[in-house]
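Spelled out, the chains give:
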Amino acid sequence: MSWFKREDNEIVNDSEKTVRTEGLWARCPSCKQIVFKAEIEANLQVCPRCGHHYRIDARHRIDNLLEPGYQLVDLELRSTDPLKFTDLKPYSRRLAEAQKKTGLNDAIVNAIGNLGPHPVVLSVMEYAFIGGSMGAVVGETITRAIDRSLATRHPLIIIAASGGARMMEGIASLMQLAKISSALARLDDAGIPYISIMTDPTTGGVTASFAMLGDLNIAEPNALIGFAGPRVIEQTIRQKLPEGFQRSEFLLEHGFLDAIVPRKELKYYLAATLTWMTA
C-alpha cells in the first residue's frame, strides 16, 4: 500500500494525478441533504432535492431571463456620502468594499432586451451590495428604467432583493419611495405593463413602495417579504407569529401576491403573461 496515502481532503496516487474532492458538494440549508454543486448550478441555483432557492446575483438573473444580445444600461451612477455617515465603519468605505466585491457601482442593474419575443426593460437589485439597500442611486436607476419604459412603451419588470432603504443616506434614501412610486403612477396612466418579482428577501421601504405596486406581483418560493422583519414584529407585539409568516406562500394565501413561480419556470411564465398583457 505504499502507493496510497491520504492528505487532508485529497486522495493521492503516486502513479496518477491528484484527485480533489474539496468544494464539489454543498449541504442544502433547507433539506440538509448533501448535493453535488454542479447539480445545483445546472438547476439555476435551486436544490434539486427540495426546491430551495439559493440567492443569486443580478447578472445571473438577467442571463436567465433575457435572450443573448441584451444591453446593460445606466451603470455610470455612483453613490456619494452626503452625510459623512459612520457606524462601525465609514459609509464611504462600505461603498468601496461593495463595489470591489460585486463589480457594480451600486445595488441595481438595468438592462434592455428581449424576453422571448417581447422587448422589455428589466431592473434587477443586487443583494450582495450592502444588502440590496435602496439609496439615491438605486432610486434614480429604477426611475430611469421607468422613464425608458415610458419612452419605448416596452413592459417593465423589476426584480427586488433588498433589506430596505439605505440608512446611511437618511432622508435622501426615504425620498426614493415617493420618487419611484410617482414614476410608476405615470407608467400606469400610460397603460404600460409593470411586473414586480419579489425574491428572498424583499423588505423595508422596497416592499412599502415599488415591490407591491405591480400590475402583477409574483414571488419566488419561500421568499421573505414584508416591511418589518418577523423578529422585530414579535418583539414589538410580544406575540408568537404564525408559522411561515411573511413567506411567499403565506402572502399568497392572504391575497398579497398574485402568484408564486419557481425560478426554472419564471421565463416561460413571464413570456406567456406578457403575451396576453400586450395583446
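Here the residue index of a chain counts from 1 through its sequence in written order. Where totals are concerned, whole chains, interfaces and linings use all residues; where local detail is concerned, this predicted model gives features only for residues with pLDDT of at least 70, and gives and counts side-chain atom pairs only at 80 or more. As a convention, hydrogens and water are excluded, and side-chain values are obtained from all of the structure's heavy atoms.

Trainee: Can you walk me through the sheet that holds strand S8 (residues 118-125) in this structure?
Mentor: One key point about sheets: their strands pair by backbone hydrogen bonds, in either a parallel or an antiparallel sense. Think of it this way: DSSP has to see at least two bridges between two strands before they count as a pair. Each helix is a run of H or I in the DSSP string that is no shorter than four residues. Each strand is a run of E no shorter than two, and both are numbered from the N terminus. Reading across the sheet, the seven strands line up as S6-S7-S8-S9-S10-S11-S12 and stay open at both edges, with mixed pairing between neighbours. Each edge of the open sheet carries a strand with a single partner, namely strand S6 (71-73) and strand S12 (259-260). Examined bridge by bridge, strand S10 (residues 194-202) and strand S11 (residues 216-219) share four bridges and lie parallel to one another. Following the sheet pairing, Met198 is matched in S11 by Ala219. In this analysis, two residues are considered to be in contact whenever any of their non-hydrogen atoms come within 4.5 Å of each other. In this analysis, axes come from line fits to C-alpha atoms, helices being fitted only over the stretch in contact, and the angle between any two N-to-C directions falls in the range 0 to 180 degrees. Against the sheet, helix H9 (residues 263-277) touches strand S7 (108-115), S8, strand S9 (156-162), S10, S11 and S12, its axis set at about 155 degrees to S10.

Trainee: Mind showing me how you'd approach the packing of aromatic side chains here?
Mentor: Pairs of aromatic rings are described using the distance from one ring centre to the other and the angle between the two planes. Pairing of aromatic rings covers Phe, Tyr and Trp, the last through its six-membered ring, and needs centres within 6.5 Å; plane angles under 30 degrees mean stacked, over 60 mean edge-to-face, and all others mean tilted. This model, assessed by the stated rule, comprises two aromatic pairs. With a centroid separation of 5.0 Å and an interplanar angle of 45 degrees, the aromatic rings of Trp25 and Phe36 are classed as tilted. Residue Trp25 is located in strand S4 (residues 25-27), and its partner Phe36 is located in strand S5 (residues 34-36); the two are separated by eleven residues in the primary sequence. With a centroid separation of 5.4 Å and an interplanar angle of 70 degrees, the aromatic rings of Phe245 and Phe250 are classed as edge-to-face. Buried, partly exposed and exposed residues are distinguished by accessible area as a fraction of the type maximum, computed with a 1.4 Å probe on protein chains only: under 20%, between the cut-offs, and over 50%, respectively. A residue is classified by how much of its surface remains accessible, and Phe250, at 19% relative accessible area, is buried. A positively charged side chain is recorded as over a ring if its NZ (Lys) or CZ (Arg) lies within 6 Å of the ring centre. The angle to the ring normal must also be within 35 degrees. The ring of Tyr127 carries the charged tip of Arg55 above its face, separated from the ring centre by 4.7 Å.

Trainee: How do you make sense of the state of the cysteines when you look at a structure like this?
Mentor: By definition, a disulfide links the sulfur atoms of two cysteines through a covalent bond. The term disulfide is used for any two cysteine sulfur atoms that are within 2.5 Å. The full count for this structure, using the stated rule, is zero disulfides. Left unpaired, Cys28 is separated from the closest cysteine sulfur, that of Cys50, by 3.6 Å. The cysteine Cys47 is free of any disulfide, with Cys28 supplying the nearest cysteine sulfur at 3.7 Å. Using a relative accessible area of 2% as the deciding quantity, one classes Cys47 as buried.

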